[in-house]
Amino acid sequence: MGKYSIKDLENISGIKAHTIRIWEKRYKLIEPKRTNTNIRYYSECDLRRLLNISILNHNGLKISQIAAMDEDEIKRRVFDVTMESKSENVQLENLMAGMLELEEVKILNTISAGIMKEGFESTFENLLLPFIDRVTCLWQTGTVISAQKQFVLNLIRRKLVVAIDNEARGLTGTGPRIIMFLPEHETDEIELIFYNYMARKENFEVIYLGPSVKPDDLRILNNVKQADVFMTVFSSQYSPDLLEKQMADYRLQFPSTPFLVGGSQVKSHQLLFPDGFSPISSIKDFRDAVRILKYSD
């Protein structure tokens, strides 16, 4: 960590490498170093500076104006913009900077500002899910380390748990029973926790099993309390064939129980779903599916 190629900067910031080179040559906004073998690289400070510059640029400041600011002024302007802006690009970049700097307050303030302006559900769907997808991609390619990824996921998880606790107060959970789980070897549960929150809002009885549930354990638990519907999420890298096979195996094990299936892999592949399986790609998909289940009797 601490050394980045220009492609890394492009992947993390969303700014094209060509644009970064123009900013570098024309305005001297960042200055690459060189290895002993003359390969260009950028430092952690360069990356953070680029993220801050991008935030200001997205909010109407010209690059020539930003180039005239010192570092302290850039940071002050970024703070002001972040607290005021509704732009998802700005909030996303601020979350990325908070992750790289391990700045808990910056991340929590960004999330809280989004919730105040757009509401909890909109903030999760339009800001946090894209952020999680980007972090996961960067982790898979080795640009960020596991500790950085876990740092931000744990903060988001804390926000979700608080929201679930608040939502559960006064609810009886008298609706259909939904068993929520991640398949074996799946551990990233943020999206599933969010749908746990959504299900409780619809007054479902939620049995939340969490990550990496073995098929035999799922069958045994279902015999204890039978599900009216299952929900699972696929976030790890799968081939379409493997995803379809895993869903077919669940269909064989639970031939008549509906399944809701979410996750980045469901969104990114064109899949053939077994009968009774509903893909969940948005809050609207989930809400529509659970309301059909609620009022189907």
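To be clear, the structure that these remarks concern was listed above.
Cut-offs applied
Residues numbered from 1 in each chain as written. Predicted model: local features only at pLDDT ≥ 70, side-chain atom pairs only at ≥ 80, totals over all residues. Heavy atoms only, no water. Helix = DSSP H or I, 4+ residues; strand = E, 2+ residues; numbered from the N terminus. Buried < 20%, exposed > 50% of the residue type's maximum accessible area, 1.4 Å probe, protein only. Arc of directions from axis to C-beta. Contact = heavy atoms within 4.5 Å. Pairing = 2+ DSSP bridges. Core = buried A, V, L, I, M, F, W, Y, C linked by side-chain atoms within 4.5 Å. Axes fitted to C-alpha atoms, helices over the stretch in contact; angles between N-to-C directions. Phe/Tyr/Trp six-rings, centres within 6.5 Å; stacked < 30°, edge-to-face > 60°. Polar contact = N/O pair within 3.5 Å; in protein donor to acceptor, adjacent residues only side chain to side chain.

Undergrad: What am I meant to see in unusual backbone geometry here?
TA: Across residues other than glycine, the phi torsion is negative in most instances, and most of the peptide bonds are trans. The backbone phi angle of Leu102 is positive, close to 55°, even though this residue is not glycine. Following the sequence through the fold, Leu102 ends up in the loop between helix H6 (88–101) and helix H7 (104–118).

Undergrad: What am I meant to see in helix H2 (residues 17–27) here?
TA: A turn of α-helix holds 3.6 residues, and therefore any two residues three or four places apart point the same way. For H2, every residue scored as buried is listed here: Ala17, Ile20, Trp23 and Glu24. With its buried residues spanning 120° around the axis, H2 presents them on a single face. Opposite the buried face of H2, at more than 90 degrees from it, the exposed residues are His18, Lys25 and Arg26. Where H2 is buried, its residues meet helix H1 (6–13), strand E3 (40–43), helix H3 (44–58) and helix H4 (63–67). Once H2 finishes, Lys28 follows within two positions and takes phi at roughly 55°, a positive value.

Undergrad: Looking at this structure, I do not really get the pairing of strand E6 (residues 229–233). What am I missing?
TA: A regular strand places its side chains so that they alternate between the two faces of the sheet. The buried count for E6 comes to five of five residues, which makes it a mostly enclosed element. Side chains Val229, Met231 and Val233 project from E6 onto one buried face, and the interleaved Phe230 and Thr232 project onto a second face that is buried too. As paired elements, E6 and strand E7 (residues 259–262) share four bridges and run parallel to each other. Considered in E7, the bridge of Phe230 is made with Phe259.

Undergrad: Is there a simple way to think about the nonpolar core in this case?
TA: Generally speaking, nonpolar side chains in soluble globular proteins are found buried as a group. Of all hydrophobic cores here, the largest spans 74 residues; its most connected members are Met231 and Phe286. With nine residues, helix H8 (residues 120–140) is the largest single contributor of residues to this core. Dropping the residues within four chain positions of it, Met231 is found in contact with Ile178, Ile179, Met180, Phe181, Leu192, Tyr195, Leu260, Gly262, Ile280 and Phe286. By size, the runner-up hydrophobic cluster in this structure holds 16 residues, among which are Ala227, Phe230, Leu243 and Met247.

Undergrad: How do you make sense of the sheet that holds strand E4 (residues 177–183) when you look at a structure like this?
TA: Note: strands within a sheet are paired through backbone hydrogen bonds, in either parallel or antiparallel orientation. Spatially, the five strands line up as an open sheet ordered E5-E4-E6-E7-E8, and their pairing is parallel. Single-partner strands in this sheet number two, and they are strand E5 (205–213) and strand E8 (277–279). The mean inter-strand angle of the sheet, taken between neighbouring strand axes irrespective of direction, is 20°. One ladder, built from three bridges, connects E7 with E8; its direction is parallel. Counted as the bridge partner of Val261 is Pro279 from E8. Seen against the sheet, helix H10 (residues 190–201) touches E4, E5, E6 and E7 and runs at an angle of roughly 175° to E4. Along the sheet, helix H11 (residues 215–224) makes contact with E4, E5 and E6, crossing E5 at roughly 160°.

Undergrad: I keep staring at the packing of aromatic side chains and nothing clicks. Help me out?
TA: For any two aromatic rings, the description comes down to two numbers: the centre-to-centre distance and the angle of the planes. Inspection of the entire model under this criterion finds 13 aromatic pairs. Considering the side-chain rings of Phe124 and Phe194, the 4.0 Å spacing of their centres and the 5° angle between planes classify their relative orientation as stacked. Taken as a pair, Phe124 in helix H8 and Phe194 in helix H10 lie far apart in primary sequence, 70 residues in all. There is no split in this pair, since Phe124 and Phe194 are both buried. Taken together, Phe120, Phe124, Phe194, Tyr195, Tyr197 and Phe286 form an aromatic cluster joined through their ring pairs.

Undergrad: Explanation requested: the environment of Ile280 in the structure shown.
TA: Here Ile280 lies in the loop between E8 and helix H14 (283–294). On a C-alpha basis, the gap between Ile280 and Ser264 in space is 10.0 Å, while along the polypeptide they are 16 residues apart. Discounting residues that sit within four places of it in the chain, Ile280 has contacts with Tyr195, Met231, Leu260, Val261, Gly262, Gly263, Asp285, Phe286 and Ala289.

Undergrad: When you look at the side chain of Thr232 in this model, what are you seeing that I'm missing?
TA: Note that Thr232 resides in strand E6. For Thr232, the side chain forms a polar contact with the main-chain oxygen of Phe181, separated by 2.9 Å. Once residues within four sequence positions are removed from consideration, Thr232 is found in contact with Phe181, Leu182, Pro183, Leu192, Leu260, Val261 and Gly262.

Structural measurements only, silent on function.
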